[in-house]
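# Analysis of the macromolecular model
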Amino acid sequence: VHTVLRLVREEAAGSKRLVIYSDVDAFWLQSPISRLRRIEAPLAFSRDGVATAAGFDGKRGFALCAGFFVARPTEAAASFLDAWRLKGRGGRSSDQVAANELYDEGVGIIADEVVDRCPRGAVPAVWHPYSPAQISGKVFFWGRVLAKIASGDGDAFAGVRCSWGGRHKGRNR
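From a predicted model like this one, the values you see are computed outputs, not experimental measurements.

Turning our attention to the sheet that holds strand β7 (residues 126-127). If you trace the three strands from one edge of the open sheet to the other, you get β2-β7-β6, paired in mixed fashion. Edge strands, defined here as strands with exactly one partner in the open sheet, are β2 (27-28) and β6 (115-116). Where β6 lies against β7, two bridges are found, and the strand directions are parallel. By the bridge assignment, V115 is partnered in β7 with V126.

The subject of this paragraph is the environment of S46. The topology assignment puts S46 in strand β3 (residues 43-48). Residues S46 and A111, 65 residues apart in the sequence, show an inter-C-alpha distance of 7.2 Å. Each residue touching S46, except ones within four places of it in the same chain, is listed here: A63, L64, C65, F68, I110 and V115.

Let us now look at the pattern of salt bridges. Applying the stated criterion across every chain yields a total of six salt bridges. Residues R17 and E11 are paired through a salt bridge, measuring 2.8 Å at the closest nitrogen-oxygen approach. Its relative accessible area of 53% is what places R17 among the exposed residues. Taking the shortest distance from any N to any O, the salt bridge between R85 and D82 comes out at 2.5 Å. Of this pair, R85 and D82 both sit in helix α3 (residues 75-88), three residues apart, roughly one helical turn.

One non-glycine residue, K16, lies in the positive phi region at around 65°. For K16, the location among the structural elements is in the loop between α1 (2-13) and β1 (19-22).

On the secondary structure map, E11 appears in helix α1. In this structure E11 comes out as buried when scored by relative accessible area, which is 13%. In terms of polar contacts, E11 uses its side chain to reach the side chain of S15, at 2.7 Å.

What follows concerns the confidence of the model for the chain. Within the chain, residue pLDDT values average 84, and 88% of them lie at 70 or more. Between residues 164-173, whose pLDDT stays under 50, and residues either more than four places distant or in other chains, the model counts 30 contacts.

Quick notes on the rules
Along each chain, residues carry numbers from 1 onward, in the same order as the chain's sequence is written. Owing to the predicted nature of the model, reporting of local features is limited to residues with pLDDT of at least 70; listing and counting of side-chain atom pairs is limited to 80 or more, with chain, interface and lining totals taken over all residues. Only hydrogens and water are set aside when side-chain values are computed; all heavy atoms of the structure are taken into account. In this scheme, strands are said to pair when DSSP sees at least two bridges between them. Elements are defined by DSSP. Helices are runs of H or I of four residues or more, strands are runs of E of two residues or more, and each kind is numbered from the N terminus. Here a residue-residue contact requires only that any non-hydrogen atoms of the pair lie within 4.5 Å. Only one rule defines a salt bridge in this text: a Lys or Arg side-chain nitrogen within 4 Å of an Asp or Glu carboxyl oxygen. The buried label goes to any residue with under 20% of its type's maximum accessible area, the exposed label to any with over 50%, and the partly exposed label to all in between, with areas taken from a 1.4 Å probe on protein chains only. Polar contacts here mean pairs of N or O atoms no more than 3.5 Å apart (in protein, one a potential hydrogen donor and the other a potential acceptor; neighbouring residues in sequence count only if both atoms are side-chain atoms). pLDDT gives the predictor's per-residue confidence on a scale running from 0 to 100.

If you want it as structure tokens, here you go:
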């Protein structure tokens, strides 16, 4: 969070480009940048729709996913990031829990067509899968799904688990 905050402040003083944070295990199957540029909110997160996700809010029906978000070089984004950085300090809570505790209606949500944790239809621009498995298991699993996508398999995500605490019911919302 500290690095993203620094980049947002640098961009505010310079060329004013978006700052995108993407976990290393988020697969960019297409570039999402043109769609991310259209988001008007100062800060927008992908969403985690599994009830076992850190920071999940039952009333809202999702958790902000700290693994993929975009920030505009604005004071509003910098203020949220600074509060997030301070709230998550000291190991009292995870980054994702801290972000969700700060959530308000001014925070945008990235559409599932752009970033999806658990696709059920069309292949999203960015697939950010769940998987608590060891590295070798993740590589095997991801490789099989990516090979299906590359082959044009329209059902590439069939059987993909959306939650490791039980099968997810419904869409990733």
